[in-house]
Amino acid sequence: LTVGRLTYQKGYDIAVEAMKRLKDAGYHVRWYVLGEGGERRELEQRIAALGLREDFLLLGAVDNPYPYFAQTDLYVHAARFEGQSIAVWEALVLGCPVIVSDCCGSREQVEDGQCGALCRLTPEAVASAVMSLLDDAPRRAELGRRAAEKQTPSGQERLFYELLEDEASLV
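This is a predicted model, so every value here is computed, not measured.

Visitor: Would you explain the overall build of the protein in this entry?
Guide: Counting its regular elements, the protein contains 8 helices and 6 strands. Moving toward the C terminus, one meets the helices and strands of the protein in the order β-α-β-α-β-α-β-α-β-α-β-α-α-α. By residue count, 49% of the 171 residues in the protein fall in the buried class. In the protein, 66% of the contacts between residues at least 6 apart in sequence involve partners at least 24 apart. When the accessible surface of the protein is split by element, carbon and sulfur atoms take 49% of a total near 8,400 Å².

Visitor: Any chance you could explain the sheet that holds strand β2 (residues 31-34) here in plain terms?
Guide: The strands that make up a sheet are held in pairs by hydrogen bonds between backbone atoms, and each pair lies either parallel or antiparallel. The 3 strands lie next to each other as β1-β2-β3, forming an open sheet whose pairing is parallel. One side of each edge strand has no neighbouring strand; the edge strands of this open sheet are β1 (2-3) and β3 (56-60). Pairing between β2 and β3: 4 bridges, direction parallel. Residue pairing for β3: Val-33 is matched across the bridge by Leu-58. Along the sheet, helix α1 (residues 12-24) contacts β1, β2 and β3; its crossing angle with β2, the most-contacted strand, is approximately 165 degrees.

Visitor: Where do I start with the pattern of salt bridges in this structure?
Guide: Pairing is possible between side chains that carry opposite charge, provided their charged atoms lie close to one another. Counted according to the given criterion, the structure contains 12 salt bridges. A salt bridge links Glu-124 to Arg-21; the shortest N-O distance between them is 2.9 Å. One end of the pair, Glu-124, is in helix α6 (residues 123-134); the other, Arg-21, is in helix α1, and 103 residues separate them in sequence. Between Arg-40 and Glu-44 there is a salt bridge, with its nearest N and O atoms 3.0 Å apart. Within this pair, Arg-40 and its partner Glu-44 are both found in helix α2 (residues 40-49), separated by 4 residues, close to a single helical turn. Residue classification places Glu-44 among the partly exposed residues on the basis of a relative accessible area of 39%.

Visitor: Which parts of the structure should I look at to understand the packing of α6 against helix α7 (residues 137-149)?
Guide: Geometrically, a packed helix pair is captured by the angle between its two axes and the distance between the axes. Contact pair α6 / α7: the axes reach a minimum separation of 6 Å and the direction vectors enclose 100 degrees. Taken as axis vectors, α6 and α7 run roughly perpendicular relative to one another. Residue-level contacts link Ser-132, Leu-133 and Leu-134 of α6 to Ala-137, Arg-139, Arg-140 and Leu-143 of α7. Residues that form the contact of α6 with α7 fall into these classes: 4 nonpolar, 1 polar and 2 charged.

Visitor: In this structure, what is going on with the sheet that holds strand β6 (residues 116-119)? I would like to understand it.
Guide: Sheet architecture is open: 3 strands sit in the order β4-β5-β6, paired in parallel fashion. The two strands at the open ends of the sheet, each matched to only one other strand, are β4 (75-77) and β6. Along the sheet, successive strands turn relative to each other by an average axial angle of 15 degrees, direction set aside. Looking at chain direction, strand β5 (residues 98-101) and β6 are connected through 4 bridges and run parallel. Along β6, the bridge assignment pairs Ser-101 with Cys-119.

Visitor: Would you mind going over the nonpolar core with me for this structure?
Guide: Nonpolar side chains in soluble globular proteins generally cluster together in the buried interior. Within the largest apolar cluster, 32 residues are counted, with the highest numbers of intra-cluster contacts made by Leu-22, Trp-31, Phe-56, Ile-99 and Val-126. Put simply, the parts of the chain that give this core at least two residues each are α1, β2, α2, β3, β6 and α6. Residues Leu-1, Tyr-66, Val-98 and Ala-147 belong to the second largest nonpolar core, which totals 18 residues.

Procedures and definitions
Residues numbered from 1 in each chain as written. Predicted model: local features only at pLDDT ≥ 70, side-chain atom pairs only at ≥ 80, totals over all residues. Heavy atoms only, no water. Helix = DSSP H or I, 4+ residues; strand = E, 2+ residues; numbered from the N terminus. Buried < 20%, exposed > 50% of the residue type's maximum accessible area, 1.4 Å probe, protein only. Contact = heavy atoms within 4.5 Å. Areas by Shrake-Rupley, 256 points an atom, 1.4 Å probe, with all protein chains shown as cover. Pairing = 2+ DSSP bridges. Axes fitted to C-alpha atoms, helices over the stretch in contact; angles between N-to-C directions. Salt bridge = Lys/Arg side-chain N within 4 Å of Asp/Glu carboxyl O. Parallel < 35°, antiparallel > 145°, perpendicular 65-115°, else oblique. Nonpolar A, V, L, I, M, F, W, Y, C, P; charged D, E, K, R; others polar. Core = buried A, V, L, I, M, F, W, Y, C linked by side-chain atoms within 4.5 Å.

Shown next as C-alpha cells:
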C-alpha cells in the first residue's frame, strides 16, 4: 500500500519499476495506491506498458484509507523528498511495517530496523526491501508491532483507531 498525491515528489515512477522487478522475480503481490494527482495519466501508461494493470492499482482518493492500512502487509513510501509524512505516521500507528526512501523527512520518522526499513530510492533498492520483508514474516510482524508502539508527534493515535473502527466494514 502507498498513500499520497500522484506527483513526481512521491516517486511513483520508481514504485512502478520496483513492482515490475517484484513480478519478474516471481512474487505474486498487488500494490495499491490511494490518491490522485497530475501524474495519473503517465503512471497509467507506464503501468500498462510494463504489463502491471492487474498488479499496480491506482484506486484514486478514498474518504477513509484506514481500512486499507489495516489489511496491508507492507506500507511503502518511496518519496524523492518529504517532510513529516502523515501517511507514514498513519501506517506506523496502525501497525504496518513500513519501507521508506532514505530522505530527510522519512529518516526522522522511521529508524531503520526498528519499525520499518530505509532504502535508497531506486527501483532495485525498493524491490529488494519489499522482497526482504515479504520473505521474512516474523521480522515483518515484529516491525509492525514496534510501529504500533510508536507515538505520533501530536498523539492522534486514538483518532486513527476510531476512524478505522467506524469504516472497517466498508472495505
